[in-house]
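Observations on the three-dimensional arrangement
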Amino acid sequence: MTVAGEIDIATAARLRERLFELAAGGRPLVADLDRVRFIDSAGLAALVGAAKRAAAHGGSLHVVCGRPKVRQLFRLTGLDRRLPPARTLDEALDALTAARGTSR
């Protein structure tokens, strides 16, 4: 799933709904945030909630973000320990493939 623009209190509910819908499928989900210019606590909460929902359904949530300011926000909030952002989509897909290999 590619996300673009600003994720704030006004847009986080739509993002959360879509992520929750996809996360309920029980499959790995990749949220590409490379085109996100701004994300606030409501947006971060939507990501955390989607990760929890994905895990509850046997799936996972992976995040892609190469933007330094957004990556810094992940570090400052500690979210990078729960949802470590990959720098590229290829990096996220490689991590997903590696995780599948170790879970067999």
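Scroll up to find the structure.
Anyway, here's the lowdown on the structure attached to this text. The shown structure was predicted, so the numbers you read here are calculated from the model rather than taken from an experiment. (Residues numbered from 1 in each chain as written. Predicted model: local features only at pLDDT ≥ 70, side-chain atom pairs only at ≥ 80, totals over all residues. Heavy atoms only, no water.)

Spatial ordering of the open sheet is given by 1-2-3, a layout of 3 strands whose pairing is parallel. In the strand order of this sheet, the two ends are held by strand 1 (2–7) and strand 3 (60–64), each with one partner. Within this sheet the neighbouring strands show an average axis-to-axis angle of 35 degrees, counted without direction. Direction of pairing for strand 2 (residues 28–39) relative to strand 3: parallel, over a ladder of 5 bridges. If you follow P28 over to strand 3, its bridge partner there is S60. Running over the sheet, helix 2 (residues 41–56) touches strand 1, strand 2 and strand 3 and is turned about 145 degrees from strand 3. (Pairing = 2+ DSSP bridges. Helix = DSSP H or I, 4+ residues; strand = E, 2+ residues; numbered from the N terminus. Axes fitted to C-alpha atoms, helices over the stretch in contact; angles between N-to-C directions. Contact = heavy atoms within 4.5 Å.)

Moving on, we get to the pairing of strand 2. Consecutive side chains along a regular strand alternate between the two faces of the sheet. One ladder, built from 5 bridges, connects strand 1 with strand 2; its direction is parallel. Within the sheet, the bridge partner assigned to E6 lies in strand 2 and is F38. For the crossover that starts at strand 1, traverses helix 1 (residues 12–23) and ends in the parallel strand 2, the hand is right-handed. Once you follow strand 2 into helix 2 and on to strand 3, the crossover reads as right-handed. (Right-handed = clockwise from strand over helix to strand, strands pointing away.)

In this section: the packing of helix 1 against helix 2. For the pair helix 1 and helix 2, interaxial distance at closest approach is 9 Å and the crossing angle is 10 degrees. When the axis of helix 1 is compared with that of helix 2, the two are roughly parallel. Remark: the crossing between helix 1 and helix 2 carries right-handed chirality. On helix 2, the residues that touch A12, L15, R16, L19, F20 and A23 of helix 1 are A42, G43, A46, L47, G49, A50, R53 and A54. (Parallel < 35°, antiparallel > 145°, perpendicular 65-115°, else oblique. Left-handed = near helix turned anticlockwise from the far one by under 90°.)

Take the side chain of D40 next. Structurally, D40 is set in the loop between strand 2 and helix 2. If sequence neighbours within four positions are ignored, D40 has contacts with I7, D8 and I9.

Note that D8 resides in the loop between strand 1 and helix 1. Buried charge without a partner: D8 forms no salt bridge, and the closest opposite charge is R14, 7.9 Å away. One polar contact links the side chain of D8 to the main-chain amide nitrogen of A10, over a distance of 3.0 Å. Residue contacts for D8: discarding those within four places in its chain leaves F38, D40 and A42. (Buried < 20%, exposed > 50% of the residue type's maximum accessible area, 1.4 Å probe, protein only. Lys, Arg positive; Asp, Glu negative; His and termini not counted. Salt bridge = Lys/Arg side-chain N within 4 Å of Asp/Glu carboxyl O. Polar contact = N/O pair within 3.5 Å; in protein donor to acceptor, adjacent residues only side chain to side chain.)

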